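# Observations on chain architecture
Each chain, letter by letter, is given below.
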Amino acid sequence: MSNDILQQLAAVLESRKQAQPDSSYVASLHAKGLNKILEKVGEESTEVILAAKDAERSGELGELIGETADLWFHSLVMLSHLGSSHEAVLDELARRFGLSGLEEKASRSKG
């Protein structure tokens, strides 16, 4: 089911790339360009960090889940803007799945 949601979202994001900026939020982000999209990714990253700190204190995860969804969404917009998608990220995660974290990190530093 999760991958179905990602597929549906990817299709919507792709369709909005060419839409009129006043017709959707995603179209407006694409029209404003990569810097605006990256600004949103940065804002959402900060909000995730703050929500995680709050969740640690309160034990309540609702805000953290919501902020993480916002971060993922804006990250998907960024990937779409650059001509990629969630599938490339999932492929990379799958590639790393059989490696320990230390092995994976070492493999990146050899390039």
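An unreviewed UniProt entry annotates the protein chain as Phosphoribosyl-ATP pyrophosphatase originating from Marinobacterium nitratireducens. Per UniProt, the protein chain carries the Sequence similarities (unreviewed entry) text "Belongs to the PRA-PH family." Taken directly from UniProt, the Subcellular location (unreviewed entry) text for the protein chain runs: "Cytoplasm".

What follows concerns helix H3 (residues 34–58). The end-to-end C-alpha distance of H3, which contains 25 residues, comes to 36 Å, matching closely the 36 Å that a straight helix rising 1.5 Å per residue would cover. Buried residues of H3: Ile 37, Lys 40, Val 41, Glu 44, Val 48, Ala 51 and Ala 55, and no others. On its buried side, H3 packs onto helix H2 (25–32) and helix H4 (62–81).

Turning our attention to the environment of Leu 34. Mapping Leu 34 onto the fold places it in helix H3. Taking relative accessible area as the criterion, Leu 34 reaches 27% and is therefore assigned partly exposed. Along the sequence, Leu 34 and Leu 82 sit 48 residues apart, while their C-alpha atoms lie 8.2 Å from each other. Non-local contacts of Leu 34, meaning those with residues more than four positions away in its chain, are made with Met 78, His 81 and Leu 82.

A rise of 1.5 Å per residue sets the reference length of H4, with its 20 residues, at 28 Å; its end C-alpha atoms lie 29 Å apart and thus fit the reference within 8%. Positive phi appears at Gly 83, one or two residues downstream of H4, with a value of about 85 degrees.

All right, on to the side chain of Ser 24 then. On the secondary structure map, Ser 24 appears in the loop between helix H1 (2–16) and H2. The exposure class of Ser 24 is buried, given its relative accessible area of 14%. Side-chain polar atoms of Ser 24 contact the backbone nitrogen of Ala 27, separated by 2.9 Å.

Here the focus is the pattern of salt bridges. Applying the stated criterion across every chain, the model contains 6 salt bridges. Close ionic contact of Lys 36 with Glu 39 constitutes a salt bridge, the shortest N to O distance being 3.1 Å. With Lys 36 and Glu 39 both in helix H3 and 3 residues apart, the pair spans about one turn of that helix. Take Lys 36: its relative accessible area is 25%, and that puts it in the partly exposed class. Of the residues examined, Glu 39 reaches a relative accessible area of 38% and is grouped as partly exposed. Between Arg 96 and Glu 92 there is a salt bridge whose closest N-O contact spans 2.9 Å. Here the residue Arg 96 and the residue Glu 92 both occupy positions in helix H5 (residues 86–97), the gap between them amounting to 4 residues, near one helical turn. On the basis of relative accessible area, Arg 96 is assigned to the partly exposed category, the value being 29%. Each of Glu 92, Arg 95 and Arg 96 takes part in a single network of salt bridges with overlapping partners.

Here is what the cut-offs are and how they apply
- By convention here, each chain's residues receive numbers from 1 onward along its written sequence.
- Only residues with pLDDT of at least 70 are given local features in this predicted model, and only at 80 or more are side-chain atom pairs given and counted; all residues enter the totals for whole chains, interfaces and linings.
- Water and hydrogen atoms were dropped before computing side-chain values, which therefore reflect all heavy atoms in the structure.
- UniProt positions are given in the numbering used here, feature names are shortened, and annotations may be inferred rather than shown by experiment.
- Helix numbers and strand numbers start at the N terminus; a helix is a DSSP run of H or I with at least 4 residues, a strand a run of E with at least 2.
- To estimate the expected span of a helix, count its residues, drop one, and scale the result by 1.5 Å.
- Relative accessible area decides the class of each residue, using a 1.4 Å probe on protein chains only: under 20% of the type maximum gives buried, over 50% gives exposed, and in between gives partly exposed.
- Residues are treated as being in contact if the distance between any of their heavy atoms lies within 4.5 Å.
- N or O atoms closer than or at 3.5 Å make up a polar contact, with two conditions inside protein: a donor-capable atom paired with an acceptor-capable one, and, for residues adjacent in sequence, both atoms drawn from side chains.
- Within this document, salt bridges are pairs made up of a side-chain nitrogen of Lys or Arg and a carboxyl oxygen of Asp or Glu, the two lying within 4 Å of each other.

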